Amino acid sequence: MEANESRIHELGNELFRSMRRWAPEPWQKMWWHDWGMALSLRRPRVQRQLFRFIDTLPGLRRPEAIRDHLLEYMRPVAGELPEAARLLLNVLPKLPASWIAALIRRGARELAGRFLLGADGETINQHLGALQQQGLVYTIDWLGEAVLTEAEADAYQNEYLRLLPTLARSSRAVSGRDVPAVNVSLKLSALTSRFEPADVPGTMERVCRRLRPILRAAQDAGAFVNVDMEHAAYRDVTLRIFMAVADEAEFRDWPNIGIAIQAYLIESEAELSALLAWVERRGTSIGVRLVKGAYWDYEQAVAAGKGWPSPVFSEKAATDRNFERLTRFLLMNWRMLRPAIASHNVRSIAHTIALREALGIESHEVEFQLLYGMADPLKHALVAMGERVRVYCPVGELLPGIAYLVRRLLENTSNQGFVRAGYLEHRAPEELLKAPMVKENEQKPVQSCEFLNDAPADFSREENRQRMEAALIRLQPVVVDGCGSDPSRWLVSTDPCDFSREVGRVRLATLEDARDAMSRSESMVRIWRETTWKERILCLRRLGADLDVRRWDFAARLVREVGKTWREADAEVGELIDFCRYYADRAEVLSRGVAVDKPGEVNDTFYEARGVTVVIAPWNFPLAILGGMTVAALVTGNPVVMKPAEQAPIIGWELYQALLAAGIPAGVIQYLPGYGEEVGPGLVNHPATAMIAFTGSKEVGLGLNRQAAMALEGRRQVVRVIAEMGGKNAIIVDASADLDASVSGVVASAFGYQGQKCSACSRVIVHRDLYDEFRDRLVAAVAALELGPAEHPGHLFGPVIDVEARDRLLRQIAELRKQHRCLYEGQLGEWATRGSWVPPVVFDEVDPSSWFGQEELFGPVLALMRAEDLSEALNIANGTNYCLTGGCYARSPEALARVRREFRVGNLYLNRGITGALVYRQPFGGFGLSGIGSKAGGPDYLLQFCVPRTVTENTLIHGMVIERESQS
């Protein structure tokens, strides 16, 4: 049964007529709020800058900072402001900053107070009492989803444990209706600092530990608890937790629990169907809050950035149509899924009432939910029609809650939003009540001609978790024989998480083996150089396709041989896939060369191989870096002797086998496992060596550069060296930084993969205004890291790969303890004695000049440094000879612009972590003592492996011009 369109329009018009009677008047504060909102809507750039400033305000500590940031944000749009506002903007610099700051904070609190109830119990009760006097009921939502530490998760739980009995004492029963007087909403992700979708069991255990006491308190208070939905990545684990807890014996017969379903999600109808089947098995009904969804922009951006299919409908009309479809589903099953329709859209509300009437459902069986501070005339109109209206009331400190406020303002004033169209732009009712119309090509993917990065695995999806687990189970040790001439020399590769687990073993090459490999490669120079570009490019494309098919096996090997966590391992496989595809694309461009024809003359510039290339790879990226350097050399026509890191020989072997399977001849690519100090001289000093591609330490890189520059007997060319040599990477946290984002970004940058990335953060330079608060939250966030064997999906911190590096690092940490205060050092479990582990370490108030001078410190060690201002922060950041990566968290446009100009690194990241560069999008590499050569994954990387040649031909012969023959 469907709702009758004529009845929908009749009900909608009735609501619009009633709403006009409740519209605010000019003598009411709400009228001026709406007037200001409508004014800003007509100036989108002004609105955006104003919202950006409001979002920044809670983090600004000093009055001068508040005044300066207001000027920074509003000056670029001054020409679009009313004349009075422009005059005021010109006067502001002359007024005392304390006056300006006080007025702005007061205005922000007033604005926030329109949408938030505050945090004080007495104030909350006053607001709730006022709502009840208007015939409205409520649900309380304590703001606090940005949880970075376990203490913050405890605080979130405690707020509900405090609120529930207080609300039970003060709230009046809903007259004549069988619904709890107290109603609260909560976000499961705020009940743990480690809400990890890849680790469903672990996340469930952590969340349920704090959720159960809240549910018991709600039972005691006679309250209803609703679980909110958040990002799409959290959807699966949120549903699992909700159903698991509600199915436990003490809650199974309790009906006062519910969950939100987001209509903008493409899979939402399937979710409702699964929820219904579960409820029928449970035997007790639940509430379902149907919402449109609040993270549309975020979901679209994340999906596009990752290369995933968008989880949300791409058009507002499609969401509205799905909302009506899900409304019908709920009403058809209202006894088990008790509907709460959350929308400000009059069409959606009228559709619900019309459908409810058609199905003969009593009005009290369905309730409508609207946001506090939004669409008040609609609330009153619905109450006047006898409907139950619940107001979603966020509570919390007003200024810290501004992030929520900005999100709501952006959501409800978007170009397609009903609040904007209906309440602020006053479009005609008949236009607003039309049935949602969706274009036929609504969900067709957008075609793009630019390079698209490999899509990483989405471990929030169960099928991907199962694939990774299966790959780890089927992984077997590998024995590689025949690489060396000495049958007694074997290298055993073990799992750095557990040395008792053998990953494989290889026969080691000797110095003589290295020389033989170089000679064999030399014999293939001409053959491979004259192989067509097309054939070489095809080999790379085949390799990329094979890696894509076998990504789980390669990722599992990375987990076991070098201790990478699931996401890090999958990302490394994806990076090599990107190298294969992108370098194949760039090789097609190089293969065309450059032709310049003039009358009587043709000129051709083309690129050919340099010769035998030695590739020496590090242990921290034993697949992506080894493979990236290798395929760059191969596609440009250079035979390669490939020496993997001795800590990861099995990964190198499996890459070698994949290269052969892709069509690279055995003599063109050679696998040479061995210790660098033993086989290195036979590779670097061989007369046939034309090029060395190296990633590793500064000492080794500079040594290779010196040796390569030597004129050796029999060597007919200057050896080209490409070397990426690491850094002492810093992140600046400016006074205007978003504290939540900066803490989480630093933790990921410093301790993701145990700080063993060359791009990892080792120094954090924090503005004095934020230093103490940042330090305390950072330490608590690091303490929340889950340490343990990398094969477990919930473990975010694995072992240090190299045993020698571990021992050296432990000695360095001991020395640091003598000079600096250690803020935090992680505790390792009993399992740590079986592997190669260094816990995360954080040092406080470090003197920049004493941080091991100019030496590298590889591993999970972080130094905090205090800066008086941005100038000092930049001086500290630039105070090393390394120039690899760096970052800055700031919301001041002027600060960001200055950092762009003055922070001298190869890869600079603003308001995000400093690791995880993507091929093509963020070509990677530094300068100074961080690197020699061009950026890997960039448009000119392949040029380093080529010799450019130019041929000029005179085509004017005996007065006749010989035209160039066309070439296919």
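J.: Would you mind going over the pattern of salt bridges with me for this structure?
T.: Where charged atoms of side chains with opposite charge meet at close range, the side chains can pair. One pass over the full model with this rule turns up 74 salt bridges. As a salt-bridge pair, aspartate 228 and lysine 187 come within 3.4 Å of each other at their nearest N and O atoms. With a gap of 41 residues between them, aspartate 228 in the loop between strand E3 (223–227) and helix H10 (235–246) and lysine 187 in the loop between strand E2 (182–186) and helix H9 (200–221) connect regions that are remote in the sequence. The pair aspartate 228 / lysine 187 is uniform in exposure class, with both members buried. A cluster of three or more residues bridged by salt bridges with shared partners is formed by Asp772, Arg775, Asp776, Arg821, Asp844, Glu845 and Arg866.

J.: Is there a simple way to explain the pairing of strand E22 (residues 841–844) in this structure?
T.: In summary, the side chains of a regular strand alternate between the two faces of the sheet. Of the two faces of E22, the one lined by Val841 and Phe843 and the one lined by Val842 and Asp844 are each fully buried. As judged from the four bridges shared by strand E21 (residues 821–825) and E22, these two strands associate in the antiparallel manner. Counted as the bridge partner of cysteine 822 is phenylalanine 843 from E22. Across three bridges, the pairing between E22 and strand E23 (residues 861–867) is parallel. Bridge pairing links valine 842 to leucine 862 in E23.

J.: Explain helix H32 (residues 870–877) to me, please; I cannot follow it from the model alone.
T.: Residue pairs three or four apart in sequence face the same way in an α-helix, which turns once every 3.6 residues. Within the span of H32, buried status applies to Leu870, Ala873, Leu874, Ile876 and Ala877. Here the buried residues of H32 occupy an arc of 160° about the axis, which is enough to place them on one side. The inward-facing, buried residues of H32 abut strand E19 (729–733), strand E20 (761–767), E23 and helix H33 (893–902). The N-terminus of H32 is capped by aspartate 869, whose side-chain oxygen sits 3.2 Å from the backbone nitrogen of serine 871.

J.: Explain the packing of helix H3 (residues 44–56) against helix H4 (residues 63–74) to me, please; I cannot follow it from the model alone.
T.: Running from N to C, H3 and H4 point in directions that differ by 160°, and their axes come no closer than 9 Å. When the axes of H3 and H4 are compared, the pair comes out roughly antiparallel. Between H3 and H4 the crossing geometry is right-handed. Contacts between H3 and H4 involve Val46, Gln49, Leu50, Arg52, Phe53 and Thr56 on the former and, on the latter, Ile66, His69, Leu70, Tyr73 and Met74. Its residues assigned to classes, the contact of H3 with H4 comprises seven nonpolar, three polar and one charged.

J.: What is the right way to read the environment of phenylalanine 313 from this model?
T.: By secondary structure assignment, the location of phenylalanine 313 is in the loop between helix H12 (296–306) and helix H13 (316–332). Using a relative accessible area of 9% as the deciding quantity, one classes phenylalanine 313 as buried. Linking phenylalanine 313 and glycine 118, residues 195 residues apart in sequence, is a C-alpha distance of 34 Å.

J.: Sorry if this is basic, but what is going on with the pairing of strand E13 (residues 601–609) here?
T.: Alignment of strand E12 (residues 594–598) against E13, held across five bridges, turns out to be antiparallel. Paired with valine 596 across the strands is asparagine 603, a residue of E13. Connecting E12 to the next strand, E13, in antiparallel fashion are two residues, including glycine 600 with a positive phi near 85°. With nine bridges joining them, E13 and strand E29 (residues 946–954) adopt antiparallel strand pairing. Each bridged residue has a counterpart across the sheet, and for tyrosine 607 the counterpart in E29 is proline 948.

J.: Quick question: what am I supposed to make of the nonpolar core here?
T.: As a rule of thumb, nonpolar side chains are buried together in soluble globular proteins. Of all hydrophobic cores here, the largest spans 93 residues; its most connected members are Ile140, Ile241 and Leu275. Tallying contributions element by element places H9 first for this core, with ten residues. Sequence-distant contacts of leucine 275, defined by excluding residues within four places in its chain, comprise Leu239, Phe242, Met243, Ile259, Ile261, Ile286 and Val288. Val480, Cys483, Val559 and Ile722 belong to the second largest nonpolar core, which has 87 residues in total.

J.: I would appreciate a short explanation of the state of the cysteines in the present structure.
T.: As used in these notes, a disulfide is a covalent bond between sulfur atoms, one from each of two cysteines. Applying the stated criterion across every chain, the model contains zero disulfides. No disulfide involves cysteine 580; its nearest neighbouring cysteine sulfur is the one of cysteine 539, lying 11 Å away.

J.: I tried to follow helix H31 (residues 803–819) on my own but got confused; where do I start?
T.: Look at H31: 25 Å from first C-alpha to last across 17 residues, which is about the 24 Å you get at 1.5 Å a residue. Burial in H31 covers these residues: Ala805, Arg806, Leu809, Gln812, Ile813 and Leu816. Projection of H31 onto a plane perpendicular to its axis shows the buried side chains occupying an angular sector of 125°, all on one side. Across from the buried face of H31, at angles greater than 90 degrees, the exposed residues are Glu804, Arg811 and Lys818. Residues of H31 that are buried sit in contact with strand E11 (498–507), E22 and E23.

Rules of the game
Each chain has its residues counted from 1, running along the sequence as written. A pLDDT threshold of at least 70 governs which residues receive local features in this predicted model, and a stricter bar of 80 or more applies before side-chain atom pairs are shown or counted, although totals over entire chains, interfaces and linings include all residues. Hydrogens and waters are ignored; side-chain quantities use all the structure's heavy atoms. Basic side-chain nitrogens of Lys or Arg form a salt bridge, by our definition, when they fall within 4 Å of a carboxyl oxygen of Asp or Glu. Secondary structure elements follow DSSP: runs of H or I no shorter than four residues count as helices, runs of E no shorter than two count as strands, and numbering proceeds from the N terminus. The buried label applies to any residue whose accessible area, calculated with a 1.4 Å probe on protein chains only, is under 20% of its type's maximum; exposed applies above 50%, and partly exposed to all values in between. Two strands qualify as a pair provided DSSP detects at least 2 bridges between them. Relevant arc is that of directions from the helix axis to the C-beta atoms, nothing else. Residue contacts are counted whenever heavy atoms from the two residues lie within 4.5 Å of one another. Any pair of nitrogen or oxygen atoms within 3.5 Å is treated as a polar contact; in protein, a donor-acceptor pairing is required on top of that, and neighbouring residues in sequence qualify only through side-chain atoms on both sides. Helix axes are fitted to C-alpha atoms over the stretch in contact, other axes to C-alpha atoms as well, and angles between N-to-C directions run from 0 to 180 degrees. Roughly parallel means an angle under 35 degrees; roughly antiparallel, over 145; roughly perpendicular, 65 to 115; everything else is oblique. By convention the crossing between two helices is left-handed if the near helix lies anticlockwise of the far one by an angle smaller than a right angle, and right-handed if it lies clockwise. In this classification, Asp, Glu, Lys and Arg are treated as charged, Ala, Val, Leu, Ile, Met, Phe, Trp, Tyr, Cys and Pro as nonpolar, and every other residue, Gly included, as polar. We define a nonpolar core as any set of buried Ala, Val, Leu, Ile, Met, Phe, Trp, Tyr and Cys residues linked to one another through side-chain atoms lying within 4.5 Å. The criterion for a disulfide is a pair of cysteine sulfur atoms lying within 2.5 Å. A helix is expected to span 1.5 Å for every residue after the first.

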